[in-house]
Amino acid sequence: MSIVELFLIGVGLSMDAFAVAVCQGLCMPKLNLRQGGVIALYFGGFQALMPLIGWFLGFQFAGYIQSFDHWVAFVLLALIGGNMVREALSPEEEETSCAVNSKLNHKKLFMMAVATSIDALAIGVAFAFMDVLILPAVSLIGCTTFCLSLVGVVVGNFFGSRYKKRAELTGGIILILLGVKILLEHLGILA
């Protein structure tokens, strides 16, 4: 898998974290980059940790399903991406609690970071079937999420929540398209 594909996966996975970071930026009466950095560190750290855990789990089973591993990768990416698109197009607004007041609520941040990185666990399982070099992959995903989450805090504080749905929709479409690409490559349709 190329660095561009890994970067696109990182961008796609980080859209949930970006959307929540925007909401946390909304909660800040005045932009605090130190708090924004801690928020971004939570999200980036968990987005790097979860695919690593998924890779270890998937690696245990990779030998058993090698003949149809490309279908597993496609289905996982399509389901995750499809769910993100569905949530983005849904008319109801999710309630996001603030982990930022005068000081950070680390328990809430931990829960938000875990919740936004569950998809990354499934991607890690898919990585085990695609023979991806896991340490560079999770490093890139974590750094991408860190940067986009920090931007999300700033955007949320400055612009408000008007870009949240678009970010989630874009991330979902990216993951679906990458799943289709992996499937088509393994079927010999794309070289």
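This text goes with the structure placed above it.
This is a predicted model, so every value here is computed, not measured.

Peer 1: Would you mind showing me how to read the overall build of the protein here?
Peer 2: A tally of regular secondary structure across the protein gives six helices and zero strands. Order of helices (α) and strands (β) in the protein, N terminus to C terminus: α-α-α-α-α-α. With 191 residues in all, the protein has 48% of them scored as buried. Within the protein, counting contacts between residues at least 6 apart in sequence, those at least 24 apart form 91% of the total.

Peer 1: What is the right way to read the pattern of salt bridges from this model?
Peer 2: It is possible for side chains of opposite charge to pair when their charged atoms get near one another. Per the stated rule, a full pass over the model turns up one salt bridge. A salt bridge links E5 to K181; its shortest N-O distance comes to 2.2 Å. Residue E5 is located in helix α1 (residues 3–27), and its partner K181 is located in helix α6 (residues 164–186); the two are separated by 176 residues in the primary sequence.

Peer 1: Sorry if this is basic, but what is going on with the packing of helix α2 (residues 33–61) against helix α4 (residues 106–130) here?
Peer 2: For any two helices packed against each other, the geometry is given by the interaxial angle and the distance between the axes. Two elements in contact, α2 and α4, have axes separated by 6 Å at closest approach and are oriented at 35 degrees. In this structure, α2 meets α4 at a crossing whose hand is right-handed. The residue inventory of the contact of α2 with α4, partitioned by class, reads 23 nonpolar, seven polar and no charged.

Peer 1: How do you make sense of helix α5 (residues 134–159) when you look at a structure like this?
Peer 2: Along an α-helix, residues three or four positions apart point the same way, because every turn accommodates 3.6 residues. End to end, α5 covers 36 Å across 26 residues, agreeing with the expected 38 Å (1.5 Å per residue, within 8%). Considered for burial, the residues of α5 that qualify are I134, A137, V138, I141, G142, T144, T145, S149, G152, V153, V155 and G156. Structurally, α5 contributes buried residues whose contacts are with α1, α2 and α4.

Peer 1: Even after reading the chapter, I still don't get a nonpolar patch on the surface, so can you show me in this structure?
Peer 2: Side chains of F68, W71, L187, I189 and L190 sit close together on the surface and give an oily, nonpolar patch of about 490 Å² of accessible area. Note on placement: L190 falls in the segment after α6. For L190, a relative accessible area of 39% translates into the label partly exposed.

Peer 1: Would you take a moment to explain the packing of α1 against α4 for this structure?
Peer 2: Two numbers describe how α1 lies on α4: the axes approach to 9 Å, and their chain directions differ by 170 degrees. On the basis of their axis angle, the class for α1 and α4 is roughly antiparallel. Here L6, I9, L13, D16, A17, V20 and Q24 of α1 lie close against α4, whose contacting residues are M112, T116, D119, A120, I123 and F127. The class makeup of the residues in the contact of α1 with α4 is nine nonpolar, two polar and two charged.

Peer 1: What am I meant to see in the side chain of S117 here?
Peer 2: Locating S117 in the fold gives a position in helix α4. A residue is classified by how much of its surface remains accessible, and S117, at 0% relative accessible area, is buried. Other than its neighbours up to four places away in sequence, S117 contacts F46, Q47 and M50.

Peer 1: Is there a simple way to explain the environment of G142 in this structure?
Peer 2: Relative to the helices and strands, G142 resides in helix α5. Residues G142 and L13 lie 129 residues apart in sequence; the distance between their C-alpha atoms is 9.7 Å. Excluding residues that lie within four positions of it along the chain, G142 makes contacts with G44 and A48.

Thresholds applied
Residues numbered from 1 in each chain as written. Predicted model: local features only at pLDDT ≥ 70, side-chain atom pairs only at ≥ 80, totals over all residues. Heavy atoms only, no water. Helix = DSSP H or I, 4+ residues; strand = E, 2+ residues; numbered from the N terminus. Buried < 20%, exposed > 50% of the residue type's maximum accessible area, 1.4 Å probe, protein only. Contact = heavy atoms within 4.5 Å. Salt bridge = Lys/Arg side-chain N within 4 Å of Asp/Glu carboxyl O. Axes fitted to C-alpha atoms, helices over the stretch in contact; angles between N-to-C directions. Left-handed = near helix turned anticlockwise from the far one by under 90°. Nonpolar A, V, L, I, M, F, W, Y, C, P; charged D, E, K, R; others polar. Expected span 1.5 Å × (residues − 1). Patch = residues over 30% accessible without salt bridge, like charges linked within 9 Å, V, L, I, M, F, W, Y side chains within 5 Å. Areas by Shrake-Rupley, 256 points an atom, 1.4 Å probe, with all protein chains shown as cover. Parallel < 35°, antiparallel > 145°, perpendicular 65-115°, else oblique.

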